[in-house]
Number of protein chains: 2
Amino acid sequence: MTDEVVQPERAELSLPRVLAALSDPARLATVRTLAMLGESACGRIQHDAGLDVSKSTMSHHLRILREAGITHTRVDGARRMVTLRRDDLDARFPGLLDAVLGAPVEAR
Amino acid sequence: MTDEVVQPERAELSLPRVLAALSDPARLATVRTLAMLGESACGRIQHDAGLDVSKSTMSHHLRILREAGITHTRVDGARRMVTLRRDDLDARFPGLLDAVLGAPVEAR
DNA sequence: CGAACAGTACGATGGCTGTCTAACTTCCCG
DNA sequence: CGGGAAGTTAGACAGCCATCGTACTGTTCG
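Below is a summary of the structure that appears in this document. What you see is a predicted model; the values in this text were computed from it and never measured.

## Some remarks on the interface of chain B and chain A
How large an interface is tends to be reported as the accessible area lost when its parts come together.
Here's step 1: Between chain B and chain A, the residue contacts involve 21 residues of the former and 21 residues of the latter.
Here's step 2: Buried surface at the junction of chain B and chain A, summed over both partners, amounts to about 1,600 Å²; 75% is from carbon and sulfur atoms.
Here's step 3: Here chain B and chain A share 2 residue pairs in polar contact (both at pLDDT 80 or more) between them.
Here's step 4: It is helix H1 (residues 15-22) of chain B that provides the largest number of residues to the side of chain B that touches chain A, a total of 5 residues.
Here's step 5: For the side of chain B that touches chain A, a count of residues per class yields 15 nonpolar, 3 polar and 3 charged.

Right under this line is the structure:
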């Protein structure tokens, strides 16, 4: 009951897929926010990232990130707690996440 | 006559756009090939990258890379000589290109 | 119990994108 | 000059994708 979601193994992480997941501004903001907050619930991420989208759209973005192997999701009561898979990403694509997080934030 | 193509300034490079450009396997292969070969013509890149697509599709991919600011194109007679914009990419997104080039090559 | 809350699932929709063929422009070279 | 080589452009087409509203499931709490 702790966790039941589909997420790829470390060795299965695909670079094109990871890059595609990160290429959307909303998801990029999500990842940045997650890097600052640490584990947090969907609604919290959406609020803190300043994303003005519907709940279903947010859910969609989080699914893309999860299925690309960028995040991990744990069920906690009514909430889903999401974390960045830093270790796996660093192991498979060294320097990539740091480069993305260190890059200048886009102008709105 | 040396050059007449549209390519963004260093400061204008957009991370989502760069990531989107790199998220296609054909373009990723193109960038890897370009990193090994140095400046080279479109046909040469296509051949060395092992890309089995039409000329127009290749032209399309090279345009995406150019307009994202990842490559520079110089006209040389009948050919277009393409190079990676390593300096600009490194300056604006430190570590990103290295991480992408250093990542494991995907299984076909 | 019952209402409000946290998210997901499902369609629907409009826009973007990778691909191709065909036609065109330049340029090189014999 | 004339043919072939190197790419680009235009147009068409199929598939994917970001977005939304609505309906649904499960949870928390008064």
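## A closer look at the pairing of strand S3 (residues 79-84) of chain A
Residue and element names in this part refer to chain A.
Here's step 1: By the bridge criterion, 2 bridges tie strand S1 (residues 40-41) to S3 in an arrangement that is antiparallel. Each residue of the ladder has a partner; that of Ala 41, found in S3, is Met 81.
Here's step 2: In the sheet, strand S2 (residues 71-76) pairs with S3 via 6 bridges, with the strands oriented antiparallel. Bridge assignment links Val 75 to a residue of S3, and that residue is Arg 80.

## Some words on the protein's contact with DNA strand C
Here's step 1: Close to DNA strand C lie 19 residues; A:Gly43, A:Lys55, A:Ser59, B:Ser56 and B:His61 are nearest.
Here's step 2: Take B:Ser54: an N or O atom from its main chain is 2.9 Å from a phosphate oxygen of DNA strand C.
Here's step 3: Between DNA strand C and B:Thr57 there is a distance of 2.8 Å, counted from a phosphate oxygen to a side-chain nitrogen or oxygen.
Here's step 4: Of all elements in the fold, only helix H3 (42-48), helix H4 (55-68) and S3 of chain A together with helix H4 (55-67) of chain B reach the threshold of two or more residues within the surface near DNA strand C.
Here's step 5: When residues in the surface near DNA strand C are grouped by element, the largest group, 4 residues, is from H4(B).
Here's step 6: A class-by-class count of the residues in the surface near DNA strand C yields 5 nonpolar, 9 polar and 5 charged.

What counts and how
- For every chain, the first residue of the written sequence is number 1, and numbering continues from 1 onward in sequence order.
- The order in which chains are written sets their letters, starting at A; the order in which ligands are written sets their numbers, starting at 1.
- Confidence filtering applies because this is a predicted model: local features only for residues at pLDDT of at least 70, side-chain atom pairs given and counted only at 80 or more, and all residues used for totals across whole chains, interfaces and linings.
- Excluded from the side-chain calculations are hydrogens and water; all other atoms, namely the structure's heavy atoms, are used.
- Contacts are assigned to residue pairs with any non-hydrogen atoms lying within 4.5 Å of each other.
- Here the quantity called buried area is the total loss of accessible area, with a 1.4 Å probe, experienced by two parts when brought into contact, counted for both.
- Whenever two N or O atoms come within 3.5 Å, that pair is a polar contact, provided that in protein one can donate a hydrogen and the other can accept it, and provided that, for residues adjacent in sequence, both atoms are side-chain atoms.
- Put simply, DSSP marks the helices as runs of H or I at least four residues long and the strands as runs of E at least two long, and each gets a number from the N terminus on.
- Each residue gets one of three labels, nonpolar for Ala, Val, Leu, Ile, Met, Phe, Trp, Tyr, Cys and Pro, charged for Asp, Glu, Lys and Arg, and polar for the others, Gly among them.
- Pairs of strands are assigned from DSSP output, requiring at least two bridges between the strands.
- Any residue with a heavy atom positioned within 4 Å of a molecule or strand is treated as near that molecule or strand.

Remember that the coordinates give geometry; whether it matters functionally is a separate question.
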